[in-house]
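Close look at the chain arrangement
Each chain is listed here by its residues.
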Amino acid sequence: MKEKSNKNVLGRFAPSPTGPLHLGSLVTALASFLDVKSENGKLWLRIEDSDSQRSKPNFIGLIKQQLVDHGIAWDVWPNLAHERAGVIYQSERQHIYSHFLHYLSTLDRTFLCKCTRKSLSRTNHFIEYLESGEKRYPQICRDRKSVCLSKEQTLRFKSTNRDDFVIRRLTTGDFSYAFTVVIDDYLQGVTRVVRGDDLKFTIERNRQVQAILGFPFPTILHVPVVRDSNGRKLSKTDEHSKLRGGKFIKKQITQSWTHLRKNMPSSWIEKVTPTYENYFF
Ligand SMILES: [Zn+2]
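If you're wondering where the values come from, they're calculated on a predicted model, not measured in any experiment.

Parameters at a glance
Residues numbered from 1 in each chain as written. Predicted model: local features only at pLDDT ≥ 70, side-chain atom pairs only at ≥ 80, totals over all residues. Domains from an automatic or database assignment. Contact = placed C-beta atoms within 7 Å. Helix = DSSP H or I, 4+ residues; strand = E, 2+ residues; numbered from the N terminus. Core = buried A, V, L, I, M, F, W, Y, C linked by C-beta atoms within 7 Å. Buried ≥ 20, exposed ≤ 12 C-beta atoms within 10 Å, placed from the backbone. Pairing = 2+ DSSP bridges. Axes fitted to C-alpha atoms, helices over the stretch in contact; angles between N-to-C directions. Parallel < 35°, antiparallel > 145°, perpendicular 65-115°, else oblique. Nonpolar A, V, L, I, M, F, W, Y, C, P; charged D, E, K, R; others polar.

Looking at the assigned domains, one finds that the protein chain contains domain 1 (10-94 + 177-280) and domain 2 (96-169). For domain 1 and domain 2, the distance between their C-alpha centres works out to 28 Å. Counting residues at the interface gives 13 residues for domain 1 and 17 residues for domain 2. Mapped by element, the contributors of at least two residues to the side of domain 1 that touches domain 2 are α5 (177-187) and α6 (203-213).

The subject of this paragraph is the nonpolar core. With 32 residues, the main nonpolar core has V27, A29, L30, A31 and F33 as its most contacted residues. Every element with two or more residues in this core is listed here: α1 (23-37), β2 (42-47), α2 (58-69), β7 (192-196) and α7 (248-263). Looking at this core, the element that brings in the most residues is α1, giving eight residues. Not counting residues up to four positions away in its chain, the partners in contact with L30 are I72, S256, W257 and L260. Within the second largest apolar cluster, 14 residues are counted, among which are F157, F175, V182 and I183.

Two faces make up the sheet, and in a regular strand the side chains alternate between them. Residue alternation in strand β4 (residues 110-113) divides its side chains into a buried set, F111 and C113, and an unburied set, T110 and L112. In this structure, β4 lies alongside strand β5 (residues 154-157), joined through four bridges in antiparallel fashion. Bridging across to β5, L112 finds its partner in L155.

Moving on, we come to the sheet that holds strand β6 (residues 166-169). The three strands lie next to each other as β4-β5-β6, forming an open sheet whose pairing is antiparallel. Both outer strands of the open sheet, β4 and β6, are each paired with one neighbouring strand and no more. Averaged over all pairs of adjacent strands, the angle between their axes in this sheet comes to 25°, without regard to strand direction.

Moving on, we get to the packing of helix α3 (residues 94-106) against α5. For the pair α3 and α5, the least separation of the axes is 10 Å and the interaxial angle reads 100°. Of the possible angle classes, the one that applies to α3 and α5 is roughly perpendicular. Together, I96, Y97 and F100 of α3 and F179, T180 and I183 of α5 make up the contact between the two elements. For the contact of α3 with α5, the per-class residue count stands at five nonpolar, one polar and no charged.

Before going further, it helps to spend a moment on the environment of S16. Tracing the sequence through the fold places S16 in the loop between β1 (10-13) and α1. Sequence separation between S16 and E131 is 115 residues, and the spatial gap between their C-alpha atoms is 23 Å. Excluding residues that lie within four positions of it along the chain, S16 makes contacts with E48, D49, D51 and S55.

This part covers the sheet that holds β2. With respect to topology, three strands assemble into an open sheet ordered β1-β2-β3, the strand pairing being parallel. This sheet does not close on itself; its edge strands, each paired only once, are β1 and β3 (88-89). As judged from the four bridges shared by β1 and β2, these two strands associate in the parallel manner. Across the sheet, the residue bridging to R12 is W44, located in β2. Docked against the sheet, α1 engages β1 and β2, running at close to 165° with respect to β1.

Structure below.
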């Protein structure tokens, strides 16, 4: 049965330009695209280049071309000048993130942290591990009375579940993914997020920030990540896993669709199949 038209279904594909897209990125992009298009929704393209050390501007054009080559057309985000072609770049939105960070600070939900990677590796505090394998920050600076601005390294979120994650690195000025993604999803009215299941553990961080700022929680759909023959997650920095052009395009689309068919719930496959056929066959 055809889904009812719903103009409020808004999704996004948000790659980081740390390398060309690979098959795993294509799977996520295709899943996002089909998910919103099956309900006549819109898909924004957001370039998550807020990490100034790892982002490489030369990959942005390539990523856009790879999406177009594989039939994934994004909708034009209307609140930007035409020359940006309706795409949001996080590197140009620092003032927006600063604004929300200021607000969080006024609510006493941030604190300065002087710990470095090195000092944390030598600390006597008990270190627990998060589900992601990351070390849980042992809350050393959370209740510090005095700060020394020249020595502070990061600004952390004061969480209610002891996971005081980094919001901003003061050494570079960069905002963290866990923070920027929440602000942009809110400002772009995103109602559906489709992403790799390797990011499952970030939900709680997103929701902590969303709850404090009074943002709605988007519906999140996780797609099992694509692994290579050794069972390793594909990496953007690995030359061998990048998407190829020309005669490989059709094969790559088919591989992505096969991955979704094998791994996604049948109710979801049934929902997106008519759309898939409209676009690709
Ligand atoms: Zn600290």
